[in-house]
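Results of the structural survey
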Amino acid sequence: MAPVAYIEQVRRMFPNDPPYQWTVNTKSPWVPMTKSVRDCRIALISSGGIYHRTQAPFDSVKNDLTFREIPKEVDMAELQVSHYSPKAKKVQDLNTIFPLQRLRELEAKEVIAALASPAFTFMGRIFTRTRLQKEMAPHLIDRLRTMNVDAALLVPV
Amino acid sequence: MGLFARAIEEAGIPTITLSSALDITSLVKPPRAVFVNFPLGHQAGRPFDPEGQTRIILDALHLLETATTPGTIVQLQYKWDENDPLDSWEDEEMLHPSVV
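Residues numbered from 1 in each chain as written. Chains lettered and ligands numbered in written order. Predicted model: local features only at pLDDT ≥ 70, side-chain atom pairs only at ≥ 80, totals over all residues.

Points about the overall build of chain A
- Helices and strands together make up the secondary structure of chain A, namely four helices and seven strands.
- Scanning chain A from its N terminus toward the C terminus, one meets helices and strands in the order α-β-β-β-β-α-α-β-β-α-β.
- Of all 157 residues assigned to chain A, the portion counted as buried reaches 35%.
- Across chain A, every contact between residues at least 6 apart in sequence was considered, and the portion connecting residues at least 24 apart equals 77%. (Helix = DSSP H or I, 4+ residues; strand = E, 2+ residues; numbered from the N terminus. Buried ≥ 20, exposed ≤ 12 C-beta atoms within 10 Å, placed from the backbone. Contact = placed C-beta atoms within 7 Å.)

Next up, the structure:
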């Protein structure tokens, strides 16, 4: 067996549409880590469509360009999921897409200096690469800078 | 998610990305990624498996701290189902995509 060929899978699912233009990069940007993880304030970012019950749900169809900010001390039982995928919507243990409890534990054990608060969530299924890069990313980066984070952990759905 | 990782890194903040799709991650090339060969929605581990979830996060943080090559992808060796060493869920996923 081999890892699931998701690009081929998408192609098969939409045989009558023009092929999706996946981003192809030949290089990666890079900033070196200047401190050890135990001295880092780490931000959690998830594309799992997670929101607090007092917040608005996401548009689960496509191209919801908004974020939800989730305070790190939140009661996980008060979080909900908007997602196109029924399996993602039915997720029982949110830590599989939003490992907040695990990161709180690692903070308590001083494996990391701090889990930055809030954590950030958004919906997957964003097909407008330009708006993701020109609108969403700059907003997120502004927030991360304000919070003085040292590094970010990104969890996809 | 790799596009966000690249943008955040370009802004001067180091990133570590969990990956669900090795083919897509290999094209997008986030700065640092750990590929977790579990079904979509489980890149941070199996449900109600805090120990396994913690191991994945620690592996990710280790790569964050030690990687020196832009675009590094580490494939974690955990099995979705330890009783299924051949990962038969992969074939099932190709036949019946879970995103629909």
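Following the structure, the description resumes.
Notes on the interface of chain A and chain B
- Each side of the interface is counted separately: chain A has 51 residues, and chain B has 57 residues.
- The set of elements that each furnish at least two residues to the side of chain A that touches chain B consists of α1 (6-13), α2 (86-89), α3 (100-108), α4 (129-146) and β7 (151-155) of chain A.
- Ranked by residue count, the leading element in the side of chain A that touches chain B is α4(A), at seven residues.
- In terms of residue class, the side of chain A that touches chain B is made up of 35 nonpolar, eleven polar and five charged.
- With three bridges joining them, β7(A) and strand β1 (residues 15-19) of chain B adopt parallel strand pairing. By the bridge assignment for β1(B), L154(A) is matched with T17(B). (Nonpolar A, V, L, I, M, F, W, Y, C, P; charged D, E, K, R; others polar. Pairing = 2+ DSSP bridges.)

A look at the pairing of β1(B)
Residue and element names in this part refer to chain B.
- For β1, the buried fraction is high: five of the five residues fall into the buried class.
- Burial along β1 is two-sided: the residues T15, T17 and S19 and I16 and L18 are all buried.
- As paired elements, β1 and strand β2 (residues 32-35) share three bridges and run parallel to each other. Counterpart to S19 in the pairing with β2 is F35.
- For the crossover from β1 across helix α2 (residues 22-28) to β2, the handedness is right-handed. (Right-handed = clockwise from strand over helix to strand, strands pointing away.)

Side note on the packing of α4(A) against helix α1 (residues 2-10) of chain B
- Interaxial distance between α4(A) and α1(B) falls to 9 Å at its minimum, and their mutual angle equals 50 degrees. It follows from the interaxial angle that α4(A) and α1(B) lie oblique. For the crossing formed where α4(A) meets α1(B), the hand is right-handed. Across the interface between the two elements, R129(A), L132(A), Q133(A), A137(A), L140(A), I141(A) and L144(A) of α4(A) pack against L3(B), F4(B), A7(B) and I8(B) of α1(B).
- For the contact of α4(A) with α1(B), the class distribution of residues is nine nonpolar, one polar and one charged. (Axes fitted to C-alpha atoms, helices over the stretch in contact; angles between N-to-C directions. Parallel < 35°, antiparallel > 145°, perpendicular 65-115°, else oblique. Left-handed = near helix turned anticlockwise from the far one by under 90°.)

Quick word on the nonpolar core
- Formed by 54 residues in total, the largest nonpolar core has its most connected members in I42(A), A152(A), L154(A) and A60(B).
- Here A152(A) is in contact with I42(A), A43(A), I45(A), L144(A), I8(B), I13(B) and T15(B), once residues within four sequence places are set aside. (Core = buried A, V, L, I, M, F, W, Y, C linked by C-beta atoms within 7 Å.)

A word on the packing of α3(A) against helix α3 (residues 50-66) of chain B
- Where α3(A) contacts α3(B), the axes come no closer than 10 Å and their chain directions differ by 70 degrees. Comparing their axes, α3(B) and α3(A) come out roughly perpendicular. Of α3(B), the residues touching α3(A) (which contributes R102(A), L103(A) and L106(A)) are P50(B), Q53(B), T54(B) and I57(B).
- For the contact of α3(A) with α3(B), the residue count by class is four nonpolar, two polar and one charged.

Quick notes on the pairing of β2(B)
Residues and elements named next belong to chain B.
- Bridge count for β2 against strand β3 (residues 72-75) is four bridges, and the pairing is parallel. Looking at the pairing, V34 lines up with V74 of β3.
- As a crossover connection, the stretch from β2 through α3 into β3 is left-handed.

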